[in-house]
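Now for the letters of each chain:
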Amino acid sequence: PISLLKQVLSELVAETPDNLLSQELWLQATSSQQWWCLIQNITRSFAVMSVIGYIIGLGDRHLDNVLVDLANGQVVHIDYNISFEKGKNLRIPERVPCRLTQNIISVFGVAGVEGLFRQSCEHTLRVLRKGRETLLTLLEAFVYDPLVDWTPGLAGGLAGAMYGGQGAGEGQDKREMEHGLTFSMLGVRVAEMKGAWLENQHDLVAALFQVEESIGVWLELAAGLARRGEDLTAMHRAMSMLKEAEVNPGHRLHTLLDIYQRHKAIEGGAVAAKQQVLIFTQECDKMVALHQRALSSISGPQLAKWGQEVAVLLEQANISSCNTVCTFLENAGQRELLGQYQQTEQELINGVRRMGEEVKRALDQLNMYHALTSLYPAAGRTQHRVNMYSMWGNRLLESFSTDTCDQTATEFASLFSVQPTRVRELRTQHVKNMNMQLEQWNSEIIISMQRLYQRMMAENIMKPGKSGVLEELGKTREMILNQLNHPDSGVRPETLICFFVKSLISLGNKWSELEKNFSEESLSPSSSSSSSMSRLDSLVDQLFLESGTLNTFLNTADMLNLTGKSPHVSALECLSSVLSSLQQLRSSFCTIIMPEGLKNFLHEDTSVLEIGQQVEEIISSGGLALEEVKHEARLHTRCCMLGMESPHLAAVELAGSMRHRYQQLIATAGFAESMSTGQMLLCAANSLFDKVDGDMNMLREKVLSAPTPPECNKFTMVRTAADLSTGAFNTTPGVWESLATTVFISKLELLRDFLSMCRGASLAFKAEKVGVMMPTGDILVRPVKKYVAEYVQLLLLGAGPRHLACALTQFAKDTGELAVNRFFETNQGKEKLELEDLSQALFDDKMSTGALNQARIAKSSVLVKNLSAVVYKWELAQQLDQGVEVMSAAQQVNALQHAGVQWYHEEYLPRDTNTKLAEPVSPGRDPLVYKGRALPTRHNFLSDLRSSGDRLSHIQSDLTSLCLRYSDLKASVDQRLKWAVGANPGLKEVVDQFSCEQQAQLDTVRQLGVLVKSVVGVGQSALQFEALRTSTVEARAGDHQFLGILACCRDSSLALGSPGVGVGISPEETMLLDVNPPLENIDQFWIRQTEELIASRVKSIQDTLAGENKKFSEVQRVIQDIGVGLKDIVTSHHKLMADVALLLRTIQRIENFDFPAISNFLSRYKEYSEQLNTMIKTVLSEDLSSEGGRMVVERLDLVKEETNFVYEELINIAAVARDESLVQEMFKSRRSLREETVPGREQQNVEMDEKNRAKRDKLAAGSRQVMEEKNKFALSVLRRVRVKLEGREPDSLRKASVGEQVDFIIRESMNQENLALMYEGWTAWI
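**So, the overall build of the protein**
Okay, step 1: Secondary structure assignment for the protein yields 42 helices and 2 strands.
Okay, step 2: Classification of the 1326 residues of the protein by burial places 47% in the buried group.
Okay, step 3: Look at the contacts in the protein between residues 6 or more apart in sequence, and 82% of them connect residues 24 or more apart.
Okay, step 4: Taken as a whole, the protein presents about 66,000 Å² of accessible surface, with 53% of it coming from carbon and sulfur.

**Topic: the nonpolar core**
Okay, step 1: By size, the foremost hydrophobic cluster in this structure holds 209 residues, and its most contacted members are Phe500, Leu582, Met696, Tyr791, Leu795 and Leu796.
Okay, step 2: Tallying contributions element by element places helix α31 (residues 854-904) first for this core, with 20 residues.
Okay, step 3: Excluding residues that lie within four positions of it along the chain, Leu796 makes contacts with Glu515, Leu575, Val578, Leu579, Leu582, Met696, Leu699, Thr726 and Tyr791.
Okay, step 4: Judged by nonpolar contacts, the second largest core, of 74 residues, contains Met193, Trp1086, Val1130 and Val1179.

**Some remarks on the environment of Met1310**
Okay, step 1: With respect to the helices, strands and loops of the structure, Met1310 is situated in the loop between α41 (1298-1309) and α42 (1312-1316).
Okay, step 2: Accessibility expressed as a relative area gives 34% for Met1310, which makes it partly exposed.
Okay, step 3: In sequence terms Met1310 and Leu100 are 1210 residues apart; their C-alpha atoms lie 6.2 Å from each other.
Okay, step 4: Residues in contact with Met1310, not counting those within four places in the same chain, are Leu100, Ile105, Val113 and Leu1315.

**Overview of unusual backbone geometry**
Okay, step 1: Even without being glycine, Asp60 reaches a positive phi, approximately 60°.
Okay, step 2: Within the secondary structure layout, Asp60 lies in the loop between α3 (32-56) and β1 (66-69).
Okay, step 3: Unusually for a residue other than glycine, Glu85 sits at a positive phi of about 65°.
Okay, step 4: Accessibility expressed as a relative area gives 18% for Glu85, which makes it buried.

**Comments concerning the pattern of salt bridges**
Okay, step 1: The final tally for this structure, using the stated rule, is 47 salt bridges.
Okay, step 2: Asp778 is the partner of Arg782 in a salt bridge, and the nearest nitrogen-oxygen pair spans 3.8 Å.
Okay, step 3: Owing to a relative accessible area of 29%, Asp778 belongs among the partly exposed residues under this scheme.
Okay, step 4: Beyond isolated ion pairs, a larger network of salt bridges with shared partners links Asp537, Asp541, Arg586, Asp778, Arg782 and Lys785.

Calculation rules
Residues numbered from 1 in each chain as written. Predicted model: local features only at pLDDT ≥ 70, side-chain atom pairs only at ≥ 80, totals over all residues. Heavy atoms only, no water. Helix = DSSP H or I, 4+ residues; strand = E, 2+ residues; numbered from the N terminus. Buried < 20%, exposed > 50% of the residue type's maximum accessible area, 1.4 Å probe, protein only. Contact = heavy atoms within 4.5 Å. Areas by Shrake-Rupley, 256 points an atom, 1.4 Å probe, with all protein chains shown as cover. Core = buried A, V, L, I, M, F, W, Y, C linked by side-chain atoms within 4.5 Å. Salt bridge = Lys/Arg side-chain N within 4 Å of Asp/Glu carboxyl O.

What is shown is where atoms sit, not what they do.
Below you can see the structure in the form of structure tokens.
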């Protein structure tokens, strides 16, 4: 025992001197200085060797293998055979990282391991960590060294250490070894230059940005110089024209006044029209931005945050400052001032409360607005008037023409013009029908919920509730337990079990009858009518109820210690888990997945639409309908069960391909950093599927481990179950896999039908296609109900009754084995047996032995009958409660859709008493609760929201005036307090407290005002945006304004394009007249005045040109300097890449070796280098042209992108090169490829004898096996060393600091338990 070993070690340590080595060093020294140097040297030497030994796993450090030079204090270790943690595989494993026994520790002086030794260990480990890549590369060479024994454990012994653990035939291929070393060199080289490499990347990117900025400035200056030159030329031409007109009275310039004024008038009209469009578009963009900001506020957590802030502010508003100065003012005779202050403060507090309550109402309204508008389709947002105004305005600004105006007018008419009477009538009737359909669905939901509540009342569940029924069940169990424990009750486990068996037989008969009825129902597509699905759903509910009742009954019997846990009971518990998971799947689908799916499809969430499209692609990838694939899979199952060759393998393989793509879709969604709404919806559904499948696998395992006893096969319940039994528990190869394929196809059917239903609901909600109604009622949950029914029919039928009969037989044997055996012997010749007869035989036996009498039978019968009733009641309560939850979810969906339809299509619904408003759901379930009554129409809601904003503004105005009056009264109180403080300094505390409380009240009002401003702003934005969505007064005003601007634009563009505009005046003449627009006549005075203006402009242009030329020259010099710096950086880059590129090309040339990343890197790097060199050559060119500058700017984005790729991809490739396991896998693939490309290798020695060839193959296989084992161990050694050097020991999940790792080494080396396990020759006590 370890305790005895530790005791022996402690005794040996106590008996052994701990100064043997330190005494020798003391005697060896001739002076204290020499002794001090010896101690320092030996401490450092021990520290270095201890850490190195820990890293390389050096073991067997007994006294003969640790040599000490007493002259200089140096420690030398010998015998490295037990290295790389081979000591852990010895018969007595070594668990100490290094030798730190008492004699060694005493050498370190009074500080022991906590002084110089620890510092030296940390320094050594720090150095080793820093150079870990080099160390690992050197160590990696030993993996391929034929002189190193990599035999796991010590199989090679000393011979392996002396001559190598591998024979001549076991060495790796020499070229492969060289290739492996090339990978190692690549990894080490990149690791060594990583710092310089990343610094070079930073410098290069910075230089590229400088080039981009400087070239951009240069191009701007060049364009500016060109423009100045053109302007100067134009001015000279204008001056020449003026000189000609000055000397020639008949010059053409004297006749251009009328033409010029007409031309400028038309141009002015176009400019004014464009300005109108610009202003209108900017207003629309501002409105869109405000609405987006408002939507982000009400759709996120902002509303809840505002609600919390209001609650806090209302709490703070209750603080009164009047109480602080009340006594003072009364004593000072200022009762009138005190009354005014109290009254004003109370009015202020009441105003704050009124504002707070009004803010809460406004927040509720905004919450409901978000809930309803979130159902609007994407077209309701993108085709909103404001968005369309903005789009059309921008189009006009880009292309100001008559065609653009006509196109815009046509689009406006198609979207917002009054519809023809017949079309509007049809759409109105369709929307009314859809509204009536939703009303009818709501009525059906109410009727269903009433039936559920009536059933609860009839079963006495409504009043006590689930908790009350559960409490009743607990009391019943406790009562039975008390009867069992009471010595005089006459109720005993061996007799009570008889009544349990009788009750369970009745339960099993009901279950068997249910399954029989279930099997008679067809699930074919032709018979999946509403009535058929309703019958199946009813049978499924009854089956869930019976399963739950049975499971609770068995749990009760187990709690009362009446029965044991037999394999058949375990199978029944697993079956109950499967049925419970199916029930949870159906419930969660109805209450969570279906409402969320409908909501997001109506909203046209892009992620949900994308997931739906991906599922459709998976289904359509095979080219066959799912029903056909499922039919083929069922036929394949039948062939597998009969042991026949199946002609349906193609369909099964197609289903396998679909499953693979589906699993990839799930994996992609599961590994996403932040899942989208569509991914969350898919993963939620898949998690429910996985729960059912997991429980089904467990059930199959339990059923296969619990075979039916031969004597039970005669029972009618077992025979009936065998007739109904599915192939789920058939052990024939391929049957279970084929059934799993069928179940998977059913999953795809469920997803397809659900997504199709949601897509149909989205299409119907828009009401664009007359006659397409929204799916309601049972249609919404029919896909999941069909899946559950198919699952039960395909996999579960027969399992329950069969194992229940076997379990009951075992119960009977446990309580009366002789009676049971006698029953089977008596009825041996019968073909059919009944469980009731077995139960009666058990009763008769108990009666004959006196264990039962009439009194005991009566008492036990009542107990079990009461238990049966309360168990059934409990399971029924759970099922009914779940039904209420499902109906509540349906009611919530109905209320949301109903209100959404009424809001979205309000203009098509008449505002009369015949239109029933959407019903709110019960409080606390949904934001659609509105003042405890029916949801208002959109018109009334917007009116309420507008009124709420007006009331808030009015209250805020009143509070502002109250605050002013409050501050004036506070100033009066302050003045009297200041007078009193002079006579009574003790009032200073009252003054400070009063000021703080009054300021807190004003701050509360201010903060509430800020919050009110935000809430009102959001409400106003929602009102403005919503008012323009339909044909309202505001919308018609907006249309009128837009059409007016559009007509003005069309007139202006038409005038600009008329034949007479611009004819008779050249651009040069127009430019000249624009310099000094003539008002009356073009005469000599105007000409001289214009000449002076042109001369002034020429002078200004020449001055500007001189300054820009100087700046242009400076920028050119800067570009040259930047180009030189860029060239130096690229030169450094090429120096760093020289060795690495050679290694990469060497790896690329390896025959039959596939490393696409390197090939891609080298090809892109070549192109990158060429572009970089071309760009540098262009930048350094002395005659840089504008075309060359633009080419550099265009290529810079690509060069910067490629720069990031080159630098990051090289580090990624080096990381792969350092991963030995990945490299070995690639070489393994290469060997396989090489063997496949030489198919004639085995035919080269055709004459070889078959016997010799077999012998050679056997030897080669053995050699390969040994080689693989050794290589595996070698790689594990490398991994262990890497883990230590990375600081991931002792905790592999966290990188330890140097100090923590050294502490681990010292602690493990000095651990008494580790030392006690060492063999005797190691002498752990010295």
